[in-house]
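Residues per chain, in single letters:
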Amino acid sequence: MMKTIIQFFKEAKQTEKKISVVTCYDYSFAKIISETNIDSILVGDSLGMVIQGHSSTLPVTLEDIIYHTKAVKRGASNKFIIADLPFLSYQISTEQCILSSGRILKETDADAVKVEGATDEILEAIFKLQKMGVPVMGHLGLTPQSFQVLGGYKVQGKDENQANEILSDAKKLEQAGVYSIVLEMLPASLGEKISKELKIPTIGIGAGLNTDGQVLVLQDLLGMNESFTPKFLKKFANLNQITKNAINEYNKEVKEKTFPSRENSF
Ligand code: KIV
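**Quick notes on the packing of aromatic side chains**
Logical step 1: One pass over the structure, following the stated rule, counts five aromatic pairs.
Logical step 2: An angle of 65 degrees between the planes, with centres 6.2 Å apart, marks the rings of phenylalanine 8 and phenylalanine 9 as edge-to-face.
Logical step 3: Taking the relative accessible area as the measure of exposure, phenylalanine 8 reaches 22% and is therefore partly exposed.
Logical step 4: Exposure remark for phenylalanine 9: the relative accessible area of 0% places this residue in the buried category.
Logical step 5: Measuring from ring centre to ring centre gives 6.1 Å for tyrosine 250 and phenylalanine 259, while their planes differ by 70 degrees; the resulting arrangement is edge-to-face.
Logical step 6: On the accessibility criterion, tyrosine 250 (52% relative accessible area) is exposed.
Logical step 7: Assessed through its relative accessible area of 35%, phenylalanine 259 is described here as partly exposed.

**Examining the domain arrangement of the protein chain**
Logical step 1: By the assigned domains, the protein chain splits into domain 1 (5-235) and domain 2 (239-266).
Logical step 2: Listed by partner, the interface residues are six residues for domain 1 and four residues for domain 2.
Logical step 3: Where domain 1 abuts domain 2, roughly 370 Å² becomes buried across the two surfaces, and 46% of that area is made up of carbon and sulfur atoms.
Logical step 4: Broken down residue by residue, the surface that domain 1 buries against domain 2 is led by Leu222, Met224 and Glu226, which jointly contribute 82%.
Logical step 5: Inspection of the region where domain 1 meets domain 2 yields one salt bridge.
Logical step 6: Here glutamate 226 and lysine 244 are joined by a salt bridge, their closest N and O atoms 3.4 Å apart.
Logical step 7: The interface formed by domain 1 and domain 2 contains four residue pairs in polar contact (both at pLDDT 80 or more).
Logical step 8: A breakdown of the residues in the side of domain 1 that touches domain 2 according to their chemical character gives three nonpolar, two polar and one charged.

**Topic: helix α6 (residues 120-132)**
Logical step 1: In this model, α6 (13 residues) spans 18 Å end to end at C-alpha, consistent with the 18 Å of a helix rising 1.5 Å per residue.
Logical step 2: Packing partners of the buried residues in α6 comprise α5 (94-108), β5 (136-141) and α7 (160-176).
Logical step 3: The positive-phi residue at the C-terminal boundary of α6 is glycine 133, with phi of around 95 degrees.

**Quick word on the pattern of salt bridges**
Logical step 1: Tallied over the full model, the rule gives 14 salt bridges.
Logical step 2: A salt bridge links lysine 196 to glutamate 192; the nearest nitrogen and oxygen atoms lie 2.9 Å apart. Here the residue lysine 196 and the residue glutamate 192 both occupy positions in helix α8 (residues 188-197), the gap between them amounting to four residues, near one helical turn.
Logical step 3: Take lysine 196: its relative accessible area is 66%, and that puts it in the exposed class.
Logical step 4: Ionic contacts of the salt-bridge type, sharing partners, join the residues Glu63, Arg103 and Glu107 into one network.

What counts, and at which threshold
Residues numbered from 1 in each chain as written. Predicted model: local features only at pLDDT ≥ 70, side-chain atom pairs only at ≥ 80, totals over all residues. Heavy atoms only, no water. Phe/Tyr/Trp six-rings, centres within 6.5 Å; stacked < 30°, edge-to-face > 60°. Buried < 20%, exposed > 50% of the residue type's maximum accessible area, 1.4 Å probe, protein only. Domains from an automatic or database assignment. Contact = heavy atoms within 4.5 Å. Buried area = accessible area lost by both parts, 1.4 Å probe. Salt bridge = Lys/Arg side-chain N within 4 Å of Asp/Glu carboxyl O. Polar contact = N/O pair within 3.5 Å; in protein donor to acceptor, adjacent residues only side chain to side chain. Nonpolar A, V, L, I, M, F, W, Y, C, P; charged D, E, K, R; others polar. Helix = DSSP H or I, 4+ residues; strand = E, 2+ residues; numbered from the N terminus. Expected span 1.5 Å × (residues − 1).

As structure tokens, then:
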């Protein structure tokens, strides 16, 4: 029998195996990912930027997340799937957080939900959700739903007070019952410190070398957006160029009347 997401993440930390996570938002890519060795898929609210073309994650709705998670699940039912709770679908009250999480699990069959931050309402909701059997992942550091108060998309926890606050929030999230925490855009030393002090695994993005796992946005690691070049990103392919070349080649063959050929005809 397949392990649960909680068991898998826990064992990985205990045995010091790095956890790999990639975002995905659609069936076609999910199907490809299902045939790779990646451990887990995050249907992130980054879809607001990557798929919908917005300048932040704020416009993403619960319906959007449910729609995309269903598509991903159809393509990669063999992977652990985590779905983001989008802006204003969980921050208002503990009840709202539980109801939104419940809808995601009921309607998409995802394995877990993810929340940003560690307010009292969120901590209480996490506690209740894990009692109900719902795995919750936390997210600290640069939490994109709060980019306005964090001063934009920049490294967090650079001064001691802020670093201590993030460490304390991580401990509160662990205590409340999250099975893992995403650490985004932190100094490497803080990423390492938090990872060492927690029993649950941390998943880093721009948080240095020593978190327990890594997450990247799929389209970023595939190099689809030429102009997106943050320091934390490594492009493992140049799909931007490969895609343009293929489309230009197709265009050329249509214009030159070499496609379709006899082989493509009935
Ligand atoms: O929405 C997202 O893709 C995320 C990851 C970048 C961690 O939250």
